[in-house]
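# Observations on the model geometry
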Amino acid sequence: MILVLSPSLTTAQTIQKESKLDLNSCVSFSRHISFWGWDFPRVEKALDIPVLSKIPKLGAIALFNYQPDGHSAVIVSISTSTYDVLEANFKAGQITRRTLPLNGDKKLRGFYWK
């Protein structure tokens, strides 16, 4: 089974046209494009976002242990062995999309979704 968010949410060029996005903050970016909106934690560092699940879900926030502040990214598709995330500031000041394994990522803390 493969799940994918709307193409309009997964195109970096479309998102970069948004004027209020802080591309130097993965947390701000995740809050902006996630399904969770107002319910998303108001924190400054991704390490402060609580892990609520070890199971990925479309639209969930993937939380990583990258130093020094952690990292957050929004899951935009899931397949049987991988998931794709859309994120800001994995590369400084840029929006990127990565494909990650469902198992074996030692930097993955877990996921935020309700």
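Summary of the structure given here. Quick caveat, the model's predicted, so the values are computed rather than measured.

A separate point is the pairing of strand E2 (residues 61-64). Both faces of the sheet carry side chains from a regular strand, because those side chains alternate between them. Side chains Ile-61 and Leu-63 project from E2 onto one buried face, and the interleaved Ala-62 and Phe-64 project onto a second face that is buried too. Here E2 pairs with strand E3 (residues 71-78) via 4 bridges, running antiparallel. In the strand pairing of E3, Ile-61 is matched with Val-74. With antiparallel pairing between neighbouring strands as the criterion, E2 and E3 make up a hairpin whose turn holds 6 residues, including Gly-70 at a positive phi of roughly 85°. Taken together, the 4 bridges between E2 and strand E6 (residues 108-112) define a ladder with antiparallel strand orientation. Within E6, the position partnered with Phe-64 by the bridge is Leu-108.

Turning our attention to the environment of Phe-64. Residue position: Phe-64 is located in strand E2. Spatially, the C-alpha atom of Phe-64 lies 5.4 Å from that of Lys-107, the residues being 43 residues apart in sequence.

Within helix H3 (residues 26-33), 6 of the 8 residues are buried, leaving the element largely enclosed by the surrounding structure. Three or more residues of H3 are buried, namely Cys-26, Val-27, Phe-29, Ser-30, Arg-31 and Ile-33.

Here the focus is unusual backbone geometry. Cis rather than trans, the peptide bond between Gln-67 and Pro-68 has omega equal to 5°. In this fold, Pro-68 is placed in the loop between E2 and E3.

Turning our attention to the packing of aromatic side chains. Aromatic rings in a pair are described by how distant their centres are and how their planes are angled relative to each other. Taken as a whole and judged by the stated rule, the model has 4 aromatic pairs. Ring geometry for Phe-40 against Tyr-112: centres 5.8 Å apart, planes inclined by 70°, an arrangement best described as edge-to-face. Here Phe-40, found in the loop between H3 and E2, pairs with Tyr-112, found in strand E6; they are 72 residues apart in sequence, far enough to count as distant. The same class applies to Phe-40 and to Tyr-112, which are both buried. Here Tyr-83 and Phe-111 contribute two aromatic rings whose centre-to-centre distance is 5.9 Å and whose plane-to-plane angle is 75°, an arrangement assigned as edge-to-face. Within this pair, whereas Tyr-83 is found in strand E4 (residues 82-88), its partner Phe-111 is found in strand E6, the two being separated by 28 residues in sequence. An identical accessibility class is assigned to Tyr-83 and Phe-111; each is buried. Taken together, the ring pairs in this structure connect Phe-64, Tyr-66 and Phe-90 into an aromatic cluster. For the cation-ring pair, Arg-98 lies above Phe-90, with the distance from its terminal atom to the ring centre recorded as 3.7 Å.

Calculation criteria
- Residues numbered from 1 in each chain as written.
- Predicted model: local features only at pLDDT ≥ 70, side-chain atom pairs only at ≥ 80, totals over all residues.
- Heavy atoms only, no water.
- Buried < 20%, exposed > 50% of the residue type's maximum accessible area, 1.4 Å probe, protein only.
- Helix = DSSP H or I, 4+ residues; strand = E, 2+ residues; numbered from the N terminus.
- Pairing = 2+ DSSP bridges.
- Phe/Tyr/Trp six-rings, centres within 6.5 Å; stacked < 30°, edge-to-face > 60°.
- Lys NZ or Arg CZ within 6 Å of the ring centre and 35° of its normal.

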